[in-house]
Amino acid sequence: MEITKLESQVLQVFYDETVDCTGECTEDQNMSYNNANDVAKKLGLTEQQVGGVFTSLLNKGLILDTEDS
């Protein structure tokens, strides 16, 4: 599976937030609750751009929408 540079940057934001919240990032302990606004602000992107990346990551099964945010 190919991951774009932007997808990698978004995943890094999720990873960093998880480590900040819990001290670790594992499949069983992922407490990252970033939303499009958080990621857009962190990476200097528009919400439209982040939405496109989220859609791609969802389709690749690399993130999950829990519908909590």
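Please refer to the structure placed before this passage.
Before going into details, it helps to say that this report is about the structure given with it. (Residues numbered from 1 in each chain as written. Predicted model: local features only at pLDDT ≥ 70, side-chain atom pairs only at ≥ 80, totals over all residues. Heavy atoms only, no water.)

For the rest of this paragraph, the subject is the nonpolar core. Counting 11 residues, the largest nonpolar core consists of V10, V13, F14, V39, A40, L45, V50, V53, F54, L57 and I63. Of all the secondary structure elements, the ones that give two or more residues to this core are α1 (5–22), α2 (36–43) and α3 (47–59). With four residues, α3 is the largest single contributor of residues to this core. Sequence-distant contacts of V50, that is, excluding residues within four places in its chain, are made with A36, V39, A40 and L45. (Core = buried A, V, L, I, M, F, W, Y, C linked by side-chain atoms within 4.5 Å. Buried < 20%, exposed > 50% of the residue type's maximum accessible area, 1.4 Å probe, protein only. Helix = DSSP H or I, 4+ residues; strand = E, 2+ residues; numbered from the N terminus. Contact = heavy atoms within 4.5 Å.)

This part takes up α3. The terminal C-alpha atoms of α3, which comprises 13 residues, lie 18 Å apart, in line with the 18 Å expected from a rise of 1.5 Å per residue. Taken as a whole, α3 has its buried residues at V50, V53, F54 and L57. Around the axis of α3, the buried residues are gathered within 105° of arc, so they sit on the same side. Of the exposed residues in α3, those oriented more than 90 degrees away from the buried face are Q48 and N59. One or two residues past the end of α3 sits G61, with phi positive at roughly 75°. (Expected span 1.5 Å × (residues − 1). Arc of directions from axis to C-beta.)

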